[in-house]
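Residue-level structural notes
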Amino acid sequence: LISLVEGVPLEFISSIGEHNGFEACRRLFADQRRRLEKNQLQRVEGLLNPEFGGGAGFREKWLAWERQLEIQGASIGGALTDTVKIVVVRRKAPAELARHRRVTAGDYGGDYS
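Attention in this report is confined to the structure presented alongside it. (Residues numbered from 1 in each chain as written. Predicted model: local features only at pLDDT ≥ 70, side-chain atom pairs only at ≥ 80, totals over all residues. Heavy atoms only, no water.)

A few points about the packing of aromatic side chains
Per the counting criterion, the structure on display carries 3 aromatic pairs. Between Phe 52 and Phe 58, the aromatic rings sit 5.4 Å apart at their centres with planes inclined by 85 degrees, giving edge-to-face as the arrangement. Relative accessible area serves as the criterion here: at 2%, Phe 52 is assigned to the buried category. The buried category is assigned to Phe 58, whose relative accessible area is 6%. Between Phe 52 and Trp 65, the aromatic rings sit 5.5 Å apart at their centres with planes inclined by 80 degrees, giving edge-to-face as the arrangement. Here the residue Phe 52 occupies a position in the loop between α2 (21–48) and α3 (58–72), and Trp 65 occupies one in helix α3, the gap between them amounting to 13 residues. Chaining the aromatic ring pairs together yields one cluster made of Phe 52, Phe 58, Trp 62 and Trp 65. (Phe/Tyr/Trp six-rings, centres within 6.5 Å; stacked < 30°, edge-to-face > 60°. Buried < 20%, exposed > 50% of the residue type's maximum accessible area, 1.4 Å probe, protein only. Helix = DSSP H or I, 4+ residues; strand = E, 2+ residues; numbered from the N terminus.)

Brief notes about the pattern of salt bridges
Between side chains of opposite charge, a pair can form as their charged atoms come close. All chains considered together, the criterion is met by 6 salt bridges. For Glu 23, the salt bridge identified is with Arg 26, shortest N-O distance 2.7 Å. Here Arg 26 and Glu 23 lie together in helix α2, a separation of 3 residues that amounts to about one turn. Through salt bridges with shared partners, one network takes in Glu 23, Arg 26 and Arg 27. (Salt bridge = Lys/Arg side-chain N within 4 Å of Asp/Glu carboxyl O.)

Concerning the nonpolar core
Ranked by size, the top nonpolar core spans 11 residues in total: Val 44, Leu 47, Phe 52, Phe 58, Trp 65, Leu 69, Ile 76, Leu 80, Val 88, Val 89 and Ala 93. Every element with two or more residues in this core is listed here: α2, α3 and α4 (82–92). The dominant element in this core, judged by the number of residues it contributes, is α3, at 3 residues. In this structure, Val 5, Ile 13, Ala 24 and Leu 28 belong to the second largest nonpolar core, which totals 5 residues. (Core = buried A, V, L, I, M, F, W, Y, C linked by side-chain atoms within 4.5 Å.)

Have a look at this one:
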């Protein structure tokens, strides 16, 4: 196992000191899994709280957010449903667009389905 890793994972394995490859692998996997889950939560939180701004830059930032959803969708397990996407956009939209979305709420789901 030592020959397969480097950097922080190598230091982590070396600190175990039991010279038991299976135990070292088990501990390394558990440590990496915690890091992955923490990273996944941070990405979902970032996607749930985007900064679209207002005015002319809103559309570009919104489209960039949608691209991030596509890119990160698989790595976060498709955590954002169409309903959640609509809620995020409505909450972060400029006042004029938010009013428009409330007026046209009969088209619910039309943007993301």
